[in-house]
Amino acid sequence: MKLDTSGLESAAPVWGAPSELVDGFSAAPSFEVPNTTDFDGFQKEAIQMVKPAKGTTTLAFIFKEGAMVAADSRASMGGYISSQSVKKIIEINPYMLGTMAGGAADCQFWHRNLGIKCRLHELANKRRISVTGASKLLANILYSYRGMGLSVGTMIAGWDETGPGLYYVDSEGGRLKGMRFSVGSGSPYAYGVLDNGYRYDMSVEEAAELARRAIYHATFRDGASGGVASVYYVGPNGWKKISGDDVGELHYKYYPVLPSTVEQEMVEAAAA
Amino acid sequence: MECVFGLVGNDFAVVVADTSAVHSILVHKSNEDKIMILDSHKLIAASGEPGDRVQFTEYIQKNVALYQFRNGIPLTTAAAANFTRGELATALRKNPYSVNILLAGYDKETGPSLYYIDYIATLHKVDKGAFGYGSYFSLSMMDRHYHSGMTVEEAIDLVDKCIMEIRSRLVVAPPNFVIKIVDKDGAREYAWRESVKDAAVASA
C-alpha cells in the first residue's frame, strides 16, 4: 500500500547554509492558486532579513579564569537535518580553538590552514603566535577571498602571553575583538541567555553551565541548531573539553516532566 | 546605521563616530573604535563594510608611516587626504572599497583641517561633514550652530547636541559614541558618550 506523504512536504523551501547541498530536497509539488494580494509579504520580508544564513549556534566568552567555547552539532540542508554529530569546535593547536559557522568545508579547511600557519610562525620565531596574530592571519586570508562566496563565521579563542583572547572573524572580512560573541542562526537566542547570566568573576563550572544553557536554549527555539551541546574551556595550560550533552536530554534535565493532576479521565464508554 | 561626523574649530578638529559593530539585527559589539589615529597629528574616522573599513584604513596608516620613514618628514594632512583619495580611485573600477572617511589633521603651518572622502573617491576640504544615517540629523544641527573659530567647549557642546538628536530621532540609533580631537599637541581620544555599558570590562 502506497502511503500518502504529501502532508509531510513543505510548501516553501527554507534555506539553510548557502554552501551546502540543497538541490533535490527543495523541489515540492505545487498547484496554481488564484491571484490575490500578497498578504504574507511583509512578514516574509522581515524573516528573510534574519533568515538563517549560517544554520548553527556557536558562542564563546572570556571570564576571569579564561575562555569558554561552546557549540551545537547539527548540520542542516534546508529543512533536512543531514547530521546531528558535526564537530563545530575545531582544535587549531593545543591552546587555540576555532568555532565553525557557515560552510563546513570552508571552516574546516581554513582553520586547518590557520593551524599550519601558526605552527610555521612558531618554528620561525621560536615563540607561540598570539591570538591577535592568529585571528589577523585568518582575517587577511578571508578578506582576500571577499566576494567569492566563502561562508565563514568563526571565533578564535585562545590563551597567549597576554592572557585569554577572543576574536570574531567572518568571510566578509570583519574582525572584532571582544569579551563575548555568539554566531549563527541561533545566536540571538543564545545572546539573550548569555548576556543575562554573564559575570566576569564566575568559576569554571558556572561558566560551563552558562555556556551549556545558552546553547540549549538556542537549540530549543532555532530549527537549524540541535544535536549535542559541546563545551570547551581554554585555560593557561591550553584547552580542555568539559562536556558534550545531547540537547534533548538537557531539556528533560532542566524541565523535568512533572506528574500533572488529571482533569478529566477518559473511560471506556459503557457497552450500550 | 553608522554615524560619523566632525568639524573644525579654532585650533583643532574634532571627529565623532558611533561604536556599534552590527550584523543584520545583531549588535556584536558596542565599543568598537572606528576612529584610527593615522599618525601623531591625524585622525581617520571611517564607516562602511566591516572588512573594508579596517583593512583600508590600516593600509593608509602603514603607507603614511612608510613615507615618514623614507623621507624623514611626515605627510601634511592635505597630502594624506589626496593619497587616500587616490587609492580609493584606483581601486574604484576594479575592486572598490566600501568605506566613507573623514580625515582630520593638524599641520603646524596651516592649522587644523577636515577632509570629506567618500567611497567613490570624492574629496572635499570642509569645515564640517558627516556620513551615514546620522548625517541627516547632525548636518543641519552643525549648519545651524557652527561658526568658524569655535572653542573646544563650544564644539563639544555642539557634538553633544548632535549625539542627542541622533539618539532621539534615528530609529535604530547607536547607543555609544567616541569623540577624538586633534590639535597642536597631537591626536588623542577626547571622550566616550555611552548610554549602554557592556556588562564585562570594556576591552580595548
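Residues numbered from 1 in each chain as written. Chains lettered and ligands numbered in written order. Predicted model: local features only at pLDDT ≥ 70, side-chain atom pairs only at ≥ 80, totals over all residues. Heavy atoms only, no water.

**Section: the overall build of chain A**
Looking only at helices and strands, one finds six helices and 12 strands in chain A. With 272 residues in all, chain A has 46% of them scored as buried. Contacts in chain A between residues far apart in sequence, at least 24 positions, make up 62% of those at least 6 positions apart. With the model as given, the accessible surface of chain A reaches about 15500 Å², and the carbon-plus-sulfur share is 56%. (Helix = DSSP H or I, 4+ residues; strand = E, 2+ residues; numbered from the N terminus. Buried < 20%, exposed > 50% of the residue type's maximum accessible area, 1.4 Å probe, protein only. Contact = heavy atoms within 4.5 Å. Areas by Shrake-Rupley, 256 points an atom, 1.4 Å probe, with all protein chains shown as cover.)

**A closer look at the pairing of strand 8 (residues 111-117) of chain B**
All names here are of chain B. The buried fraction of strand 8 is high, at six of seven residues. Where strand 7 (residues 99-107) meets strand 8, seven bridges bridge the pair, whose relative direction is antiparallel. When the sheet's bridge partners are listed, leucine 102 is paired in strand 8 with tyrosine 116. Hairpin connection, strand 7 to strand 8: the antiparallel pair is bridged by three residues. Two strands pair when backbone bridges link them, and strand 8 and strand 9 (residues 123-126) are joined in this way by four bridges, in the antiparallel orientation. Looking at strand 9, one finds that leucine 114 is bridged to valine 126. Where strand 8 folds back onto strand 9 in an antiparallel hairpin, the turn is made up of five residues, including alanine 121, whose phi is positive at roughly 65°. (Pairing = 2+ DSSP bridges.)

**Some words on the sheet that holds strand 1 (residues 4-8) of chain B**
Residue and element names in this part refer to chain B. Taken in spatial order, the five strands of this open sheet run 10-1-2-11-12, and their pairing is antiparallel. Only two strands of the sheet have a single neighbouring strand rather than two, namely strand 10 (128-131) and strand 12 (186-193). Strand-to-strand twist in this sheet, taken as the mean axis angle between neighbours without regard to direction, amounts to 15°. Helix-sheet contacts for helix 3 (residues 135-145) involve strand 1 and strand 10, and the interaxial angle to strand 10 is about 170°. (Axes fitted to C-alpha atoms, helices over the stretch in contact; angles between N-to-C directions.)

**Regarding the packing of helix 5 (residues 204-221) of chain A against helix 6 (residues 247-254) of chain A**
Residues and elements named next belong to chain A. Contact geometry for helix 5 and helix 6: axes closest at 10 Å, N-to-C directions at 105°. Taken as axis vectors, helix 5 and helix 6 run roughly perpendicular relative to one another. Listed contacts from helix 6 to Glu209, Arg212, Arg213, Tyr216, Thr219 and Phe220 of helix 5 are Val247, Leu250, His251 and Tyr254. (Parallel < 35°, antiparallel > 145°, perpendicular 65-115°, else oblique.)

**Section: the UniProt feature "active site" (unreviewed entry) in chain A**
All names here are of chain A. According to UniProt, the positions carrying the feature "active site" (unreviewed entry) are Thr56. Mapping threonine 56 onto the fold places it in the loop between helix 1 (41-49) and strand 1 (58-63). Of the residues examined, threonine 56 reaches a relative accessible area of 2% and is grouped as buried. Beyond its immediate chain neighbours, meaning those up to four positions away, threonine 56 contacts Asp72, Lys88, Met100, Ala101, Val183, Gly184, Ser185, Gly186, Asp222, Ala224 and Ser225. (UniProt positions renumbered as here; feature names shortened; annotations may be inferred.)

**Quick look at the packing of helix 3 (residues 131-144) of chain A against helix 1 (residues 50-71) of chain B**
Close contact between helix 3 of chain A and helix 1 of chain B brings their axes to 11 Å; oriented N to C, the two are set at 105°. Between helix 3 of chain A and helix 1 of chain B, the angle is such that the two are roughly perpendicular. Residues Lys136, Ala139, Asn140 and Tyr143 of chain A of helix 3 of chain A touch helix 1 of chain B, and the partners they reach there are Gly51, Asp52, Val54, Gln55 and Glu58 of chain B. Here the contact of helix 3 of chain A with helix 1 of chain B is composed, by residue class, of three nonpolar, three polar and three charged. (Nonpolar A, V, L, I, M, F, W, Y, C, P; charged D, E, K, R; others polar.)

**Comments concerning the pattern of salt bridges**
The tally for this structure, following the rule as stated, stands at 23 salt bridges over all chains. Between aspartate 245 of chain A and arginine 212 of chain A there is a salt bridge; the shortest N-O distance is 3.3 Å. Residue aspartate 245 of chain A is located in strand 12 (residues 238-246), and its partner arginine 212 of chain A is located in helix 5; the two are separated by 33 residues in the primary sequence. Between glutamate 32 of chain B and arginine 53 of chain B there is a salt bridge; the shortest N-O distance is 3.3 Å. With glutamate 32 of chain B in the loop between strand 4 (26-29) and strand 5 (35-39) and arginine 53 of chain B in helix 1, the pair connects residues that are 21 residues apart, well separated along the chain. By relative accessible area, which is 7% here, arginine 53 of chain B ends up buried. Among the charged side chains, a salt-bridge network with shared partners connects Arg199, Asp201 and Glu206 of chain A. (Salt bridge = Lys/Arg side-chain N within 4 Å of Asp/Glu carboxyl O.)

**Quick look at the side chain of lysine 136 of chain A**
By the secondary structure assignment, lysine 136 of chain A is in helix 3. At 2.7 Å, the side chain of lysine 136 of chain A forms a polar contact with the side chain of glutamate 58 of chain B. (Polar contact = N/O pair within 3.5 Å; in protein donor to acceptor, adjacent residues only side chain to side chain.)

**Some words on the sheet that holds strand 5 of chain B**
Strand-to-strand pairing in sheets goes through backbone hydrogen bonds, with the strands running parallel or antiparallel. Residues and elements named next belong to chain B. In space, the five strands of this open sheet follow the order 5-6-7-8-9, with antiparallel pairing throughout. Where the open sheet ends on each side, the last strands, each with one partner, are strand 5 and strand 9. Going across the sheet, the axis of each strand differs from the next one's by a mean of 25°, ignoring polarity. The pairing of strand 5 with strand 6 (residues 42-48) spans four bridges and is classified as antiparallel. Its bridge partner being in strand 6, isoleucine 37 is matched across the sheet by leucine 43. Seen against the sheet, helix 1 touches strand 5, strand 6 and strand 7 and runs at an angle of roughly 15° to strand 5. On top of the sheet, helix 2 (residues 77-92) reaches strand 6, strand 7, strand 8 and strand 9; it is set at about 160° to strand 7, its chief contact.

**Topic: the interface of chain A and chain B**
A common way to express how large an interface is: the accessible area buried when the components associate. Counting from both sides, the interface comprises 24 residues of chain A and, opposite them, 22 residues of chain B. In total, chain A and chain B occlude about 1900 Å² of area from one another, counting both sides; carbon and sulfur atoms represent 57% of this. Counting every contact that joins chain A to chain B gives two salt bridges. Mapped onto the side of chain A that touches chain B, the elements with two or more residues apiece are helix 3, strand 8 (163-170), strand 9 (175-177), strand 10 (180-183) and helix 4 (187-197) of chain A. Tallied by class, residues from the side of chain A that touches chain B come to 11 nonpolar, six polar and seven charged. (Buried area = accessible area lost by both parts, 1.4 Å probe.)

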